[in-house]
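In case you want the letters, here they are:
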Amino acid sequence: MQCFAMGLQIPESFGGRYFFDKSLDWEEHAGTTLRFLHYPPQNGDPDTPLAGSHTDYGSITLLMQKDIPGLEVQAFRAQKNAPWVAAPVIPGTILVNIADHLQMWTNGLLRSTKHRVMYNPEQQNRSRYSIACFIHSNDTTKLDPIESPLFTKEMRTEGVEFEEARNMTAGEYLDWRLSQTYDYSKVPEE
Ligand SMILES: O=C(O)CCC(=O)C(=O)O
Ligand SMILES: [Fe+2]
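For clarity, every value in this text was computed on a predicted model and none was experimentally measured. (Residues numbered from 1 in each chain as written. Chains lettered and ligands numbered in written order. Predicted model: local features only at pLDDT ≥ 70, side-chain atom pairs only at ≥ 80, totals over all residues. Heavy atoms only, no water.)

*Asks:* Would you mind showing me how to read the side chain of R177 here?
*Replies:* By the element assignment, R177 lies in helix α4 (residues 170–181). Judged by relative accessible area, R177 falls into the buried class, the value being 13%. A polar atom in the side chain of R177 sits 2.4 Å from the side chain of D100. When neighbours within four sequence positions are excluded, R177 is seen to be in contact with T55, Y57, D100 and F162. (Helix = DSSP H or I, 4+ residues; strand = E, 2+ residues; numbered from the N terminus. Buried < 20%, exposed > 50% of the residue type's maximum accessible area, 1.4 Å probe, protein only. Polar contact = N/O pair within 3.5 Å; in protein donor to acceptor, adjacent residues only side chain to side chain. Contact = heavy atoms within 4.5 Å.)

What follows is the structure in structure tokens.
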């Protein structure tokens, strides 16, 4: 996150390269999650994604993939029908995805990468394994645009996607996205 803070030229008076550190205090609660994923061998429809198109809910995601490719990212997603681009497995590397907090903090200058996992017919007898570490800021962190000479704080169309979240904290935003993704009201009470 220090690299992002430097790239965004956050003024020294706001913390400069250490800007994000204060909202990554390990003693405070955050939605940071480590997820171990196993996609069993498939012989299904190659056009049906193994994980549907989505953006991640935190600030960045660190993704480790093993052997079997399948991740695709949407390039130039401001365009309609933007193409999907395969993100190959590069041994020994960690893939960094920009997620929703960074899009909101930068008022749309950085885009939360839309991605999905597709079935690879050539690998149909093998499992895909990946590990995703979703980095979230502390629950109390505000998500409105941060101080940077690279963008203004006025609402821009690119940032509008998450307009409803403008005044939310990271913790409220996670609850909101989870409640949209999973309809808890359908879970029968014990
Ligand atoms: O398995 C992968 O490569 C990606 C998984 C993913 O995007 C997610 O769990 O949010
Ligand atoms: Fe994801």
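*Asks:* Just to check I follow, could you spell out unusual backbone geometry for this structure?
*Replies:* Phi is mostly negative for residues that are not glycine, and the peptide bonds are mostly trans. The phi dihedral of D67 falls on the positive side, at around 60 degrees, and the residue is not glycine. Relative to the helices and strands, D67 is located in the loop between β3 (60–66) and β4 (71–74). Taking the relative accessible area as the measure of exposure, D67 reaches 46% and is therefore partly exposed. The phi dihedral of N107 is positive, around 55 degrees, even though this residue is not glycine.

*Asks:* What is the right way to read the nonpolar core from this model?
*Replies:* Generally speaking, soluble globular proteins have nonpolar side chains that are buried together. Within the largest apolar cluster, 25 residues are counted, with the highest numbers of intra-cluster contacts made by L8, F20, L102, I146 and Y173. At the level of secondary structure, the elements contributing two or more residues to this core comprise α2 (100–105), β8 (128–135) and α4. Here this core takes four residues from α4, the largest share from any one element. The next biggest cluster of nonpolar side chains, apart from the first, holds nine residues, and it includes Y39, L71, A87 and F134. (Core = buried A, V, L, I, M, F, W, Y, C linked by side-chain atoms within 4.5 Å.)

*Asks:* What exactly am I supposed to notice about the environment of V96 here?
*Replies:* Residue position: V96 is located in strand β6 (residues 95–98). In this structure, the C-alpha to C-alpha distance between V96 and T61, residues 35 residues apart in sequence, is 5.7 Å.

*Asks:* Help me understand the pattern of salt bridges, please; the structure alone is not making it clear to me.
*Replies:* Between side chains of opposite charge, a pair can form as their charged atoms come close. Scanning the entire structure with this criterion turns up five salt bridges. K66 is the salt-bridge partner of D67, the closest N and O atoms lying 3.0 Å from each other. For D67, the salt bridge goes to R126, with nearest N and O atoms at 4.0 Å. Residue D67 is found in the loop between β3 and β4, and its partner R126 is found in the loop between β7 (115–117) and β8; the two are separated by 59 residues along the sequence. Residue class for R126 comes out partly exposed when judged on its relative accessible area of 45%. Among the charged side chains, a salt-bridge network with shared partners connects K66, D67 and R126. (Salt bridge = Lys/Arg side-chain N within 4 Å of Asp/Glu carboxyl O.)

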